[in-house]
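# Structural characterization, general
Listed here are the chains, written in short residue letters.
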Amino acid sequence: MTKQFAVIGNPIEQSRSPELHHAFAAKTGVDLHYKKILAPLDGFENVAKDFFAHNGVGMNVTVPFKEQAFALCDQLTERAKIAKAVNTLWMQDGKLYGDNTDGQGLVAAIQALDWNLENSRILILGAGGATRGVIYPLVQAGAQQIVIANRTLARAEQLVDDLKDAVPQAELKAIGLDQLTGEFDLVINATSASLTGDTLQLPESLVFHHAYEMAYGKPSSFLDQAKQRQIPSTDGFGMLVGQAIEAFSIWNGVKPELKDFL
Ligand code: ATR
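Residues numbered from 1 in each chain as written. Predicted model: local features only at pLDDT ≥ 70, side-chain atom pairs only at ≥ 80, totals over all residues. Heavy atoms only, no water.

Most of strand β1 (residues 3-9) is tucked away: 5 of the 7 residues are buried. As paired strands, β1 and strand β2 (residues 32-38) are joined by 7 bridges and run parallel to one another. Each residue of the ladder has a partner; that of V7, found in β2, is K36. For β1 and strand β3 (residues 56-61), the ladder comprises 5 bridges, and the chain directions are parallel. Within β3, the residue paired with A6 across the bridge is M59. (Buried < 20%, exposed > 50% of the residue type's maximum accessible area, 1.4 Å probe, protein only. Helix = DSSP H or I, 4+ residues; strand = E, 2+ residues; numbered from the N terminus. Pairing = 2+ DSSP bridges.)

In structure tokens, the structure reads:
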């Protein structure tokens, strides 16, 4: 029987999840159908429950419902608990399970580029949900120091306070976006600046060797500056594929190779 999957969000038209999951299915021989569901802004819970009541097997959750999905779950993975957000749902033994595969998706994408994370020093720009979701997986993959730089310093400080006990093996630090300096193996842009068309200005005193932009398909002043400096850089398409592969493997018990889909 064809297994039914969906991604839920608002808006949802732009989502590339159906094409990715259908490509994974073709490669691995899984019989599935994966659709987009546009839920009303106040209708996430009803629409999600209805999907699982009608034999839905698994659901991805995107903006703006990841925190609501987190609140709805009966069981959560460790990384979902730390992220306080869920992007992957499924039913097991009558219970709704939630995971967050975004962070591992980023780690897999970075590793597929052969960028080293072991003992790395990472600077993350932004202190929103996107940053929260990736810190634990980055530390598990070997990051030694993570500096979180945010326009609103207090938000970065709050994030460090919230997460430091979850990653005792790493050093977490909060700074203002106007205090950028020092040397990093990797800088990750997790602000929504590229999504809103805003410019980020990186000072000369900030030295870095790799640049990861979480957004994809948008002009990025962050990536422009990395290219001017001629350092290895990429947009967030690999992370998107990586999180989808993680979800696919949870649901279907078979893991496609990231490199086959980049
Ligand atoms: P997400 O869930 O995608 O992380 P979010 O929680 O709205 O989204 O967070 C957006 C992040 O981008 C925040 O860190 C925000 O900084 P503030 O906390 O100071 O608002 C950051 N951001 C958005 N636009 C920005 C800009 N033009 N310059 C710098 N940072 C920006």
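After that view of the structure, there is still more to cover.
This chain's UniProt record puts "domain: SDH C-terminal" (unreviewed entry) on residues 236-258. For the annotated span residues 236-258, helix accounts for 70% and strand for 0% of the residues, and the straight-line distance between the end C-alpha atoms is 13 Å. (UniProt positions renumbered as here; feature names shortened; annotations may be inferred.)

As a further point, take the environment of L186. As for its placement among the helices and strands, L186 is situated in strand β11 (residues 186-189). In this structure L186 touches I110, W115, L117, R121, I122, L123, H210, A211 and Y212, once residues within four positions along its chain are discounted. (Contact = heavy atoms within 4.5 Å.)

For the rest of this paragraph, the subject is the sheet that holds strand β7 (residues 121-125). Strand order in the open sheet formed by 6 strands is β9-β8-β7-β11-β13-β14, with parallel pairing between adjacent strands. Strands at the two margins of the open sheet, each flanked by one partner only, are β9 (171-176) and β14 (233-234). Two strands pair when backbone bridges link them, and strand β8 (residues 145-150) and β9 are joined in this way by 6 bridges, in the parallel orientation. By the bridge assignment for β9, I146 is matched with L172.

We now examine the site of the ligand. Not every one of the 14 residues close to the ligand is listed here, only the nearest: A127, N150, T152, R155 and D198. Within the backbone of A130, an N or O atom sits 3.0 Å from an oxygen atom of the ligand. The contact in question runs from an oxygen atom of the ligand to an N or O atom on the side chain of N150, over 2.6 Å. Starting from 650 Å² of accessible surface for the ligand in isolation, the protein chains cover 74%. Of the residues assigned to the shell around the ligand, the class counts are 4 nonpolar, 7 polar and 3 charged. (Near = heavy atom within 4 Å. Polar contact = N/O pair within 3.5 Å; in protein donor to acceptor, adjacent residues only side chain to side chain. Areas by Shrake-Rupley, 256 points an atom, 1.4 Å probe, with all protein chains shown as cover. Nonpolar A, V, L, I, M, F, W, Y, C, P; charged D, E, K, R; others polar.)

In this numbering, the UniProt entry assigns the feature "active site" (unreviewed entry) to K66. Along the chain, K66 falls in helix α3 (residues 66-72). When sequence neighbours within four positions are dropped, the list of residues in contact with K66 reads V61, A85, V86, N87 and D102.

All right, on to the side chain of S120 then. Within the element layout of this structure, S120 appears in the loop between α5 (102-112) and β7. Looking at S120, its side chain comes within polar contact range of the main-chain oxygen of L117, at 2.6 Å. Leave out the neighbours within four places in its chain, and S120 touches G142, A143, Q144, Q145 and D185.

Next up on the list: the sheet that holds strand β6 (residues 95-99). Two strands in a sheet stick together by hydrogen bonds in their backbones, pointing the same way (parallel) or opposite ways (antiparallel). With mixed pairing, 6 strands are arranged side by side in an open sheet as β2-β1-β3-β5-β6-β4. Single-partner strands in this sheet number two, and they are β2 and β4 (75-76). Examined bridge by bridge, strand β5 (residues 88-92) and β6 share 5 bridges and lie antiparallel to one another. Pairing of L89 across the sheet is with G98, part of β6. Each of β1, β2, β3, β5 and β6 is contacted by helix α10 (residues 237-252), which is oriented at about 5 degrees to β5, the strand it contacts most. (Axes fitted to C-alpha atoms, helices over the stretch in contact; angles between N-to-C directions.)

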